[in-house]
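The lines below spell out each chain.
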Amino acid sequence: MDNDSMIEKTEIDVHTKEIDLVNRDPKHVNDDVVKVEFEDVIAEPAGTYSFDGVWKASFTTFTVTKYWCYRLLTALVGIPLALVWGIFFAILSFLHIWAVVPCVKSYLIEIQFVSRVYSICVHTFFDPLFESMGKCLSNIRLSTTKEV
């Protein structure tokens, strides 16, 4: 198998790969964001308990409502938002590849010239000045005495 066909096969596999329907957050993007359970929202401190049946019904209502509202919202809005986010990240990738990186590279090329001129100026004018100042001031000695 030659190199071109391997690259082509790899590109096809990226777009047609199987998705994991069990682990839908393999990179743990939402670990600390949306894990809201009944106990995180509603809690009864000791001494102020409702009836056990009310507590169980509240738990079931909360859990089922959250589950089905999420499913309904994803069914209605998930695909359009996936389209919007796909377009957004495509534009972001395009701008990064075709605008940001070339601008940064161009800037780095241009700044090398400025860096060389600056370095020459510093070495020409400031190095002798500071070297002579250092030699003049190197013989200064300070001594402290403590008076009692």
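Our subject is the structure that appears above.
Everything quoted here is computed from the prediction, not taken from an experiment.

Rules and cut-offs
Residues numbered from 1 in each chain as written. Predicted model: local features only at pLDDT ≥ 70, side-chain atom pairs only at ≥ 80, totals over all residues. Heavy atoms only, no water. Phe/Tyr/Trp six-rings, centres within 6.5 Å; stacked < 30°, edge-to-face > 60°. Helix = DSSP H or I, 4+ residues; strand = E, 2+ residues; numbered from the N terminus. Buried < 20%, exposed > 50% of the residue type's maximum accessible area, 1.4 Å probe, protein only. Expected span 1.5 Å × (residues − 1). Bend = angle between axes of the 7 residues up to and from the residue. Salt bridge = Lys/Arg side-chain N within 4 Å of Asp/Glu carboxyl O.

Caption draft 1: Summary view of the packing of aromatic side chains. Summed over the entire model, instances satisfying the criterion amount to eight aromatic pairs. Ring centres 5.4 Å apart and planes at 90° place the aromatic pair F38 and F59 in the edge-to-face group. Of this pair, F38 sits in helix 2 (residues 38–41) while F59 sits in helix 3 (residues 52–137); the two residues are 21 residues apart in sequence, bridging distant segments of the chain. Relative accessible area serves as the criterion here: at 2%, F38 is assigned to the buried category. Judged by relative accessible area, F59 falls into the partly exposed class, the value being 38%. Linked through ring pairs, F38, W55, F59 and F62 together constitute an aromatic cluster.

Caption draft 2: Inspection of helix 3 at higher detail. With 86 residues, helix 3 extends just 85 Å between its outermost C-alpha atoms, more than 12% less than the 128 Å of an ideal straight helix rising 1.5 Å per residue. The largest bend in helix 3 is about 50°, located at V77, with the proline P80 one to four residues further on.

Caption draft 3: How the structure looks around the pattern of salt bridges. Counted according to the given criterion, the structure contains one salt bridge. Of the charged contacts, one joins E131 and K135 as a salt bridge, the two residues approaching to 3.7 Å between their closest N and O atoms. A residue pair is termed a helical-turn pair when its members lie 3 or 4 positions apart in one helix, as E131 and K135 do in helix 3 at four residues. By relative accessible area, which is 57% here, K135 ends up exposed.

No statement about biological role is implied by the geometric values presented.
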